[in-house]
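Coordinate inspection notes
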Amino acid sequence: MSILLVAEHDNDSLKPVTRNVLTAALEVGGDIDLLVAGSDCGSVVDQAAGLPGVNKVLLADHAAYAHQLAENIAALVADLGAGYSHILTAHTSLGKNFLPRVAALLGVGQVSDIITVAADDTFKRPIYAGNAIATVKSNDAIKVISVRGTGFDPVAAEGGSASIEAVDSVHDLGLSEFVSEEIVSSERPELTAASIVISGGRGMQSGENFKLLEGIADKLGAAIGASRAAVDAGFVPNDMQVGQTGKIVAPDLYIAVGISGAIQHLAGMKDSKVIVAINKDEDAPIFQIADYGLVEDLFKALPELEAQL
Amino acid sequence: MKVLVPIKRVVDANVKVRVKPDHTGVDLNNVKMAVNPFCEIAIEEAVRLKEAGKAEEVIAVTVGPGAAQEQLRTCLALGADRAILVETDTELQPLAIARILKALSDRESPDLTIFGKQSIDGDNSQTGPMFAALSGMPQGTFASELNIEDGKITVTREIDGGLQTLRLSLPAVVTTDLRLNEPRYASLPNIMKAKKKPMDTTTPSELGVEAENTQEILSVEPPPERQAGIKVESVEELVDKLRNEAKVIA
């Protein structure tokens, strides 16, 4: 078996989720090649080559791949991937964008968002917002798979010494062009990689009130998330949404504040190790899955919590 | 401009599904079915393009059982001009659906095809980009804003970390995210009118597509149950438990 793993990065550094995907690849077994496609992404390649378990790093460095345009990346990955038994990447907004195109170009199906490798052709994945877990066997010649990062522990960041090989073929389809990007910069850890997450819901009442979570997040080194209701109400930006259609998180500690606990939200956080719910409505469904529930007005509880940490 | 909107019939978003005792799937007997919420956003966006004078015709299409006519009627009531059912009793996987839609698209030649970004049953998030690849079209997935001018479409996308804006040549494929729009409710007069709008039925074989699944579902199990824990009386007790019992904070 041979696996092509498509690395996720921003041309500057490798995204941590790539290390979780690598664990899934190691569970499948076989030679693992890591593809870094981007522009001026030399520093990413050095990090990639240091990952333990990687056979070689393929570097496709060209302006056509600078913004990870799905059309160009998919053409490249399908071209290279035809020689492998498996193609893996993360089930993130990036992977979800280009990987189905790869599968279609190769004429094979895709197994999305896997959380377990049961065999080299059989995988478990959540369906119906995580209310059921399907075991899926792929009969395709090439297995195209997107991996849920929180389903696998990350490999170490260092210890490997893979060789590096340049890919010369350039796929520039000219179908789409990059216009602009607004990336929210934050000093806090990334939501999907943080070991503690504190999230606010509709109960926060305004974006201004999310400041109450910031002080606590700073003391705990936590990332800040939100429910769909809070994002839809315009309190906070979309990239903070935790849930079935937002980000899936599984930190050691998840603190849900003013979140009632719709199934779509639970789908994004119920694999957290310890769940705390703070809500003034004692009948809120979030309490049914919380390890520790505090029935209290959040505007009273949050300042107290910050003071006691 | 012609807009094609492929939709899916799914379990209503408010239903909590149960796994069948024999673990072959989830129990869909007597469960309320609906248009997949993201597909509803896709229909709404297409209808708004028509209302803004940018599109002439909106076609809703689904690949599914005869009962999916109900969801197509909903789309017609929401403002689609006509509907097409590609009838099959096999629950097809995304690649097969994308191939069928490609064959239909070759017949209809839409300038824009708007999908929901994912269905809330399979949670695959595949069909839109697969269709785009098979059709050789560019794609703007997870769209929160669209703008069509000078024969191009500008799409603002919700990505990890923020927003990205792309410009695509037409014909193109867009998949909708939650904040693209807020779908309207169908009014009673529009529901009545929808009954008279045209609905065609065809089959995968009539479209010349051999629709086959390449994945087997070996079993479907309920997720591990999470038990409710305890209620604490105060913030002080909560902090104490997190420090000394759960040991998740220092």
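The rules behind the values
- Residues numbered from 1 in each chain as written.
- Chains lettered and ligands numbered in written order.
- Predicted model: local features only at pLDDT ≥ 70, side-chain atom pairs only at ≥ 80, totals over all residues.
- Helix = DSSP H or I, 4+ residues; strand = E, 2+ residues; numbered from the N terminus.
- Rg over C-alpha atoms; globule rule 2.2 N^0.38 Å.
- Buried ≥ 20, exposed ≤ 12 C-beta atoms within 10 Å, placed from the backbone.
- Contact = placed C-beta atoms within 7 Å.
- Core = buried A, V, L, I, M, F, W, Y, C linked by C-beta atoms within 7 Å.
- Axes fitted to C-alpha atoms, helices over the stretch in contact; angles between N-to-C directions.
- Parallel < 35°, antiparallel > 145°, perpendicular 65-115°, else oblique.
- Left-handed = near helix turned anticlockwise from the far one by under 90°.
- Expected span 1.5 Å × (residues − 1).
- pLDDT = per-residue confidence, 0-100.
- Pairing = 2+ DSSP bridges.
- Nonpolar A, V, L, I, M, F, W, Y, C, P; charged D, E, K, R; others polar.

**Remarks on the overall build of chain A**
Counting its secondary structure elements, chain A contains 8 helices and 16 strands. Relative to a compact globule of 309 residues, whose C-alpha radius of gyration would be 19 Å, chain A shows 20 Å and is just as compact. Seen through its C-alpha atoms, chain A measures out along the principal axes to roughly 60 × 40 × 40 Å. Counting all 309 residues of chain A, 61% fall into the buried class. Within chain A, counting contacts between residues at least 6 apart in sequence, those at least 24 apart form 66% of the total.

**Some words on the overall build of chain B**
A count of helices and strands for chain B gives 6 helices and 13 strands. Over its C-alpha atoms, taken along the principal directions, chain B stretches across nearly 65 × 45 × 40 Å. Here chain B holds 250 residues, and the buried ones make up 48% of them. Taking all contacts inside chain B whose residues are at least 6 apart in sequence as the whole, residues at least 24 apart take part in 69%.

**So, the nonpolar core**
Counting residues in hydrophobic clusters, the biggest one holds 188 residues, and the most contacted among them are A:Leu5, A:Leu35 and B:Val5. Residues contacting A:Leu35, with those up to four places away along its chain left out, are A:Leu4, A:Leu5, A:Val6, A:Ala7, A:Leu58, A:Ala60, A:Val77 and A:Leu80.

**A short note on the packing of helix α5 (residues 211-220) of chain A against helix α8 (residues 298-308) of chain A**
All names here are of chain A. Running from N to C, α5 and α8 cross one another at 25°; their axes reach a closest spacing of 9 Å. Taken together, the axes of α5 and α8 are roughly parallel relative to one another. The element α5 and its partner α8 pack so that their crossing is left-handed. Facing Leu212, Gly215, Ile216 and Lys219 of α5, the residues of α8 in contact are Leu302, Leu305 and Glu306.

**Details of helix α3 (residues 94-108) of chain B**
All names here are of chain B. Helix length check: α3 (15 residues) gives 20 Å between terminal C-alpha atoms against 21 Å at 1.5 Å per residue, within 8%. Of all 15 residues in α3, 11 are buried, a share of seventy percent or more. Every buried residue belonging to α3 is among Pro94, Leu95, Ala96, Ile97, Ala98, Arg99, Ile100, Leu101, Lys102, Leu104 and Ser105, and all of these are buried. Where α3 terminates, the next one or two residues include Ser109, which has phi positive at roughly 50°.

**Quick look at the confidence of the model for chain B**
On average, residues of chain B score 96 in pLDDT, and 100% of them reach the 70 mark or higher. Two summary scores accompany this predicted model of the complex, namely pTM at 0.93 and ipTM at 0.95.

**Some points on the sheet that holds strand β14 (residues 253-257) of chain A**
Strands sit in the order β13(A)-β12(A)-β14(A)-β15(A)-β16(A)-β13(B) across an open sheet of 6 strands; the sheet is parallel. With partners counted over all chains shown, the strands left at the sheet margins are β13 (223-226) of chain A together with β13 (230-232) of chain B, one partner each. Between one strand and the next, the sheet's axes are offset by a mean angle of 20°, whatever the strand orientation. In terms of strand pairing, strand β12 (residues 196-200) of chain A meets β13(A) through 4 bridges, oriented parallel. By the bridge assignment for β13(A), A:Ile198 is matched with A:Ile224. In the packing of helix α6 (residues 235-245) of chain B onto the sheet, contacts are made with β15 (274-279) and β16 (292-295) of chain A together with β13 of chain B, and the angle to β16(A) comes to roughly 170°.

**So, the interface of chain A and chain B**
Across the contact, 71 residues belong to chain A and 64 residues belong to chain B. Here the side of chain A that touches chain B is composed, by residue class, of 36 nonpolar, 19 polar and 16 charged. Across 6 bridges, strand β8 (residues 132-138) of chain A lies against strand β12 (residues 215-221) of chain B in antiparallel orientation. Bridge pairing links A:Lys137 to B:Glu216 in β12(B).

**Focus on the environment of B:Ala34**
Residues and elements named next belong to chain B. Topologically, Ala34 is positioned in strand β3 (residues 33-35). When the 19 C-beta atoms within 10 Å are taken as the criterion, Ala34 is described as partly exposed. In the structure, Ala34 is positioned 22 residues away from Asp12 in sequence and 5.0 Å away in space, judged by C-alpha atoms.

**Side note on the packing of helix α3 (residues 70-81) of chain A against helix α4 (residues 93-106) of chain A**
Residues and elements named next belong to chain A. Where α3 meets α4, the axes come as close as 8 Å, and the angle between the chain directions of the two elements is 45°. Considering the angle they form, α3 stands oblique to α4. Handedness of the α3/α4 crossing: right-handed. Of the residues in α4, those in contact with Ala70, Ile73, Ala74, Val77, Ala78 and Gly81 of α3 are Asn97, Phe98, Arg101, Val102, Leu105 and Leu106.

**Considering the sheet that holds strand β6 (residues 112-116) of chain B**
Strand order across the open sheet formed by 10 strands is β11(A)-β9(B)-β8(B)-β7(B)-β10(B)-β6(B)-β1(B)-β4(B)-β5(B)-β11(B), with mixed pairing between neighbours. In the strand order of this sheet, the two ends are held by β11 (176-183) of chain A together with β11 (199-202) of chain B, each with one partner. Strand-to-strand, the axes of this sheet are offset by a mean angle of 25°, without reference to chain direction. The sheet contact formed by strand β7 (residues 139-149) of chain B and strand β10 (residues 172-176) of chain B spans 3 bridges and is parallel. Bridge pairing in β10(B) links B:Gly140 to B:Val174. Of the strands in this sheet, β1 (2-6), β4 (57-64), β6, β7 and β10 of chain B touch helix α1 (residues 37-51) of chain B, which is tilted by about 150° from β6(B).

**Considerations on the pairing of β15(A)**
Where a strand is regular, its side chains alternate between the two sheet faces. Residues and elements named next belong to chain A. The buried count for β15 comes to 6 of 6 residues, which makes it a mostly enclosed element. Strand direction decides the pairing type here: β14 and β15, joined by 5 bridges, are parallel. Opposite Val257, over in β15, you have Ile278 as the bridge partner. Direction of pairing for β15 relative to β16: parallel, over a ladder of 4 bridges. Within β16, the position partnered with Ile278 by the bridge is Leu294.

**Section: the environment of B:Glu56**
Residues and elements named next belong to chain B. Within the fold, Glu56 resides in the loop between α1 and β4. Overall, the presence of 12 C-beta atoms within 10 Å leaves Glu56 in the exposed class. Linking Glu56 and Leu104, residues 48 residues apart in sequence, is a C-alpha distance of 18 Å. Discounting residues that sit within four places of it in the chain, Glu56 has contacts with Met1 and Lys2.

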